[in-house]
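# A structural walkthrough
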Amino acid sequence: MITPVIALTFFVRLFIGTMFAAVGIAVALAGVTSFMRANTTVNPTTPNSASSLVDSGIYRFTRNPMYLGLLSMLLGWAVFLASPLTLIGALVFVVYMNRFQIKPKESALLNVFGTAFLQYQAKVRRWL
């Protein structure tokens, strides 16, 4: 084996992995629900078409709950697999999302919402 296996029983790994996944799904759905309540686009590839800046609900704690939810699910998968090497996938996800999705989206939201977005950025962290 290339890397050591985390010494947890199958059922412990299943339980912890499932908890990470469940939290991730709940956080991501909370983000989608907040967007739907605000009647704005959920599509991350079209931030210029956002009709309102959502800063309530889960968005009071994180600017990217959908990505945070996906990260939590990846961490759950890593725990289930019980291999420290799988954590590299979560790290790659964070680096990729920051560079190619979040930063461009933030630039677009700054163009659309100006000072309101800057104020929101100043008080709510990107991830947690």
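We now turn to the structure provided with this report. Small disclaimer: the values here were computed from a predicted structure and weren't measured.

### Regarding the overall build of the protein chain
In terms of regular secondary structure, the protein chain is built from four helices and zero strands. Secondary structure elements of the protein chain occur, N-terminal to C-terminal, as α-α-α-α. Each of the three principal axes of the protein chain carries a C-alpha extent, and together these read 50 × 25 × 25 Å. Out of the 128 residues belonging to the protein chain, those deemed buried represent 35%. Considering only intrachain contacts with a sequence separation of at least 6, the fraction spanning at least 24 residues in the protein chain is 71%. With the model as given, the accessible surface of the protein chain reaches about 7800 Å², and the carbon-plus-sulfur share is 70%.

### Description of the pattern of salt bridges
Applying the stated criterion across every chain, the model contains two salt bridges. Close ionic contact of Arg-63 with Glu-106 constitutes a salt bridge, the shortest N to O distance being 2.6 Å. Of this pair, Arg-63 sits in the loop between α1 (10-37) and α2 (65-81) while Glu-106 sits in helix α3 (residues 87-113), and the two are 43 residues apart along the sequence. On the accessibility criterion, Arg-63 (11% relative accessible area) is buried. Here Glu-106 falls in the buried class, since its relative accessible area comes to 8%.

### Let's talk about the packing of α1 against α2
Relative to each other, α1 and α2 sit at 170°, their axes nearing to 7 Å. Judged on the interaxial angle alone, α2 and α1 are roughly antiparallel. Along the lines of polarity and charge, the residues of the contact of α1 with α2 split into 19 nonpolar, six polar and one charged.

### As for the nonpolar core
One finds Tyr-59, Tyr-67, Leu-71, Phe-93, Met-97 and Trp-127 to be the most contacted residues of the largest nonpolar core, which totals 20 residues. Every element with two or more residues in this core is listed here: α1, α2, α3 and α4 (115-123). The greatest single-element share of this core, amounting to six residues, is contributed by α3.

### What about the side chain of Ser-72?
Within the secondary structure, Ser-72 sits in helix α2. Not counting chain neighbours up to four residues away, the residues in contact with Ser-72 comprise Phe-20, Ala-21, Val-23 and Gly-24.

### Description of the packing of aromatic side chains
Each pair of aromatic rings is reported with the distance of its centres and the angle of its planes. In this structure the tally under the stated criterion is seven aromatic pairs. Residues Phe-93 and Trp-127 carry aromatic rings whose centres are separated by 6.4 Å and whose planes lie at 70° to one another, so their mutual orientation is edge-to-face. With a gap of 34 residues between them, Phe-93 in helix α3 and Trp-127 in the segment after α4 connect regions that are remote in the sequence. Per residue, the accessibility class of Phe-93 equals that of Trp-127, and both read buried. Of the aromatic side chains, those joined through ring pairs into one cluster are Phe-10, Phe-11, Trp-77 and Phe-80. One residue, Arg-13, lies across the ring of Phe-80, its end atom 5.7 Å from the ring centre. Sitting over the face of the ring of Phe-100, Arg-99 holds its NZ or CZ atom 4.9 Å from the ring centroid.

Analysis parameters
Residues numbered from 1 in each chain as written. Predicted model: local features only at pLDDT ≥ 70, side-chain atom pairs only at ≥ 80, totals over all residues. Heavy atoms only, no water. Helix = DSSP H or I, 4+ residues; strand = E, 2+ residues; numbered from the N terminus. Buried < 20%, exposed > 50% of the residue type's maximum accessible area, 1.4 Å probe, protein only. Contact = heavy atoms within 4.5 Å. Areas by Shrake-Rupley, 256 points an atom, 1.4 Å probe, with all protein chains shown as cover. Salt bridge = Lys/Arg side-chain N within 4 Å of Asp/Glu carboxyl O. Axes fitted to C-alpha atoms, helices over the stretch in contact; angles between N-to-C directions. Parallel < 35°, antiparallel > 145°, perpendicular 65-115°, else oblique. Nonpolar A, V, L, I, M, F, W, Y, C, P; charged D, E, K, R; others polar. Core = buried A, V, L, I, M, F, W, Y, C linked by side-chain atoms within 4.5 Å. Phe/Tyr/Trp six-rings, centres within 6.5 Å; stacked < 30°, edge-to-face > 60°. Lys NZ or Arg CZ within 6 Å of the ring centre and 35° of its normal.

So yeah, pure geometry; function would need other evidence.
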